[in-house]
Amino acid sequence: MVETQSSGKAFDIPKMLVWEAYQKVRSNKGAAGVDGQSLTDFAQDEKNNLYKIWNRMSSGSYFPPPVKAVEIPKAAGGVRVLGVPTVADRIAQTVVAMTLEPRVEPLFHPDSYGYRPGRSALDAIEACRTRCWQSRWVIDLDIQGFFDNVPHAEILAAVEKHADEPWVGLYVRRWLAAPLQGRNGELTPRDRGTPQGSAISPLLANLFMHYAFDAWLDREQPQIKFERYCDDVIVHCVSRAQARYLRNVIAARMWRFGLRLHPEKTRIVYCMQERRTDDHPVTAFTFLGYTFRPRTCPGTAGRWTTGFLPAVSEAAKKDMARVIRGWRLGRRTDLSFREIATKINRVVAGWINYYGRFYKSLMIQFLERQINQHLVRWACRKFKHLHRYKKKARTRLAQIATAYPGIFVHWRHGARPSGSTVGAV
């Protein structure tokens, strides 16, 4: 894979582009698709496997295999179906994504944050926090089954509008039509939707939403501000009347594309910054793992006040608590204190970096209650003289935290145990 371009093929696809796409797929890791081939298996015959992808894409004979359907439980109940392409298909999709993205990225709206270079979910939350102070009403939009129902025709029209290379539109068309393969091998054909989990889906979703929502709203209602992370959207309004009007207008717009706003999850929310409820039944919403609601915060002249602020959501805390329980730290007496820290620090650091960006104290309190209690249980099992004395174990843990505050990453951020109680799991 050293040549930079093809020769004598229907399409001129550089070999180096396939190699770069492979490097991206390998760094993102991921599971095997319907063929059972993992990244490790693919790498065993790397040169030939990459050549096959390039050769078939360049000749126009690349046809994607079915996408493996994987059911992921939702925190609120039900399941979300993810589509897992094969390793080779992920590489081919990445080749197209790397070709298309530079064309469409400069066109995207500044308040589109999902899956875009140089933008993050935390940027969207920061913008949302600022605008909630400026406009007291929001529409918390939920497009029902977006990835399952997004229309193909509009996606293909947008791709063909921006892609000069005919093979980009050709392969996007084939990927959109590739069937889902269920657990028992049954194939489900698709005439709508783009599976979550594929390498090309986030870009296609952004391209569709740019024309169906971002550019349309900016054109029709230029005074309206919003934050969109793929299909998660918050729209800011100055009054309840304006919010009701815009909700109906947006619903009609989505209906044109065969999409529907979820009747229960799409809500009008009052961004209350004072301690009164009046006739505002909904004063909180959750966006990208953060719940926005009235919270106590420092005010002027050293006084405390109430502000409408984001903090880690209950659903996110439940997910993290589930992971912590899965570590079974209390039973890992085969590990030393530092080995436990090595095992969990990287994950906990990621949580703190994301969920600790805003209203960090709530995140730290959560980690203090959850992790430290498991460490107490570990100490009680590890050291026989502490076996029946949790109070002594807590005291000893507090002493270690004081002497070595940098062992655990959550201790470095202030979630160190006290000598009295560490809280219940």
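The preceding data block contains the structure.
One structure accompanies this document, and this report is about it.

### Some thoughts on the sheet that holds strand E4 (residues 180-181)
Logical step 1: Reading across from one edge, E2-E1-E4-E5 is the order of the 4 strands in this open sheet, with mixed pairing throughout. Two strands lie at the open edges of the sheet, namely strand E2 (79-84) and strand E5 (187-188), each paired on one side alone.
Logical step 2: Where strand E1 (residues 67-73) meets E2, 6 bridges bridge the pair, whose relative direction is antiparallel. Each residue of the ladder has a partner; that of glutamate 71, found in E2, is valine 81.

### Some words on the layout of surface pockets
Logical step 1: One number sums up the size of the second largest pocket: a volume of about 220 Å³.
Logical step 2: Forming the boundary of the second largest pocket are Asp35, Gln37, Phe42, Asn49, Lys52, Ile53, Arg56, Tyr62, Phe63, Pro65, Thr86 and Ala88.
Logical step 3: Classifying every residue of the lining of the second largest pocket gives 6 nonpolar, 3 polar and 3 charged.

### Side note on the packing of aromatic side chains
Each aromatic ring pair is characterised by the separation of its centres together with the angle its planes make.
Logical step 1: Applying the stated criterion to the full structure yields 24 aromatic pairs.
Logical step 2: Relative to phenylalanine 42, the ring of tyrosine 22 lies with its centre 5.4 Å away and its plane at 40 degrees, an arrangement referred to as tilted. Here tyrosine 22 is found in helix H1 (residues 15-28), whereas its partner phenylalanine 42 is found in helix H2 (residues 39-44), with 20 residues between them in sequence.
Logical step 3: For phenylalanine 42, a relative accessible area of 1% corresponds to the buried category.
Logical step 4: Ring geometry for tyrosine 290 versus tyrosine 355: centroids 6.0 Å apart, planes at 35 degrees, classification tilted. Taken together, the positions of tyrosine 290 in strand E10 (residues 290-298) and tyrosine 355 in helix H12 (residues 337-355) put the pair 65 residues apart, joining distant regions of the chain.
Logical step 5: Residue classification places tyrosine 290 among the buried residues on the basis of a relative accessible area of 0%.
Logical step 6: Residue classification places tyrosine 355 among the buried positions, given a relative accessible area of 16%.
Logical step 7: Each residue in the set Phe146, Phe147, Phe208 and Phe257 is aromatic and connected to the rest through ring pairs, giving one cluster.

### Considerations on the sheet that holds strand E6 (residues 226-229)
Logical step 1: Within the open sheet, the 4 strands sit side by side as E6-E7-E3-E8. Their pairing is antiparallel. The sheet is open, and its two edges are formed by E6 and strand E8 (267-270), each paired on a single side. Pairwise comparison of adjacent strand axes, ignoring direction, gives a mean angle of 15 degrees for this sheet.
Logical step 2: In terms of strand pairing, strand E3 (residues 137-142) meets E8 through 4 bridges, oriented antiparallel. Following the sheet pairing, isoleucine 139 is matched in E8 by isoleucine 268.
Logical step 3: Here helix H9 (residues 201-220) sits on the sheet and contacts E3, E6 and strand E7 (232-237); the angle it forms with E6, its principal contact strand, is near 175 degrees.

Cut-off values and rules
Position numbers for residues start from 1 in each chain and track the written sequence from start to end. Two thresholds apply to this predicted model, a pLDDT of at least 70 for residue-level local features and 80 or more for giving and counting side-chain atom pairs, whereas whole-chain, interface and lining totals are computed over all residues. Each side-chain value is worked out from all heavy atoms of the structure, with water and hydrogens disregarded. Only strands that DSSP links by at least two bridges are regarded as paired with each other. Under the scheme used here, helices are H or I runs from DSSP no shorter than 4 residues and strands are E runs no shorter than 2 residues, and both carry numbers assigned from the N terminus. For each structure, a 1 Å grid was placed over the protein atoms alone; sets of points admitting a 1.4 Å probe that cannot get out are labelled cavities, open sets with protein on both sides within 12 Å along at least five of seven lines are labelled pockets, and lining residues have an atom within 4 Å of a point. Grid points are joined across faces, edges and corners, and a volume is the space filled by probe spheres set on the points. By the convention adopted, Pro, Cys, Tyr, Trp, Phe, Met, Ile, Leu, Val and Ala count as nonpolar, Lys, Arg, Asp and Glu as charged, and the other residues, Gly among them, as polar. Stacked, tilted and edge-to-face pairs are distinguished by plane angle, under 30 degrees for stacked and over 60 for edge-to-face with tilted covering the rest, among Phe, Tyr and Trp rings (Trp via its six-membered ring) whose centres lie within 6.5 Å. Only protein chains enter the area calculation, which uses a 1.4 Å probe; residues under 20% of their type maximum are buried, those over 50% are exposed, and those in between are partly exposed. What counts as an axis is a line fitted to C-alpha atoms, over the stretch in contact for a helix, and the angles between N-to-C directions run from 0 to 180 degrees. Note on definitions: a residue-residue contact is assigned when non-hydrogen atoms from the two residues lie within 4.5 Å.

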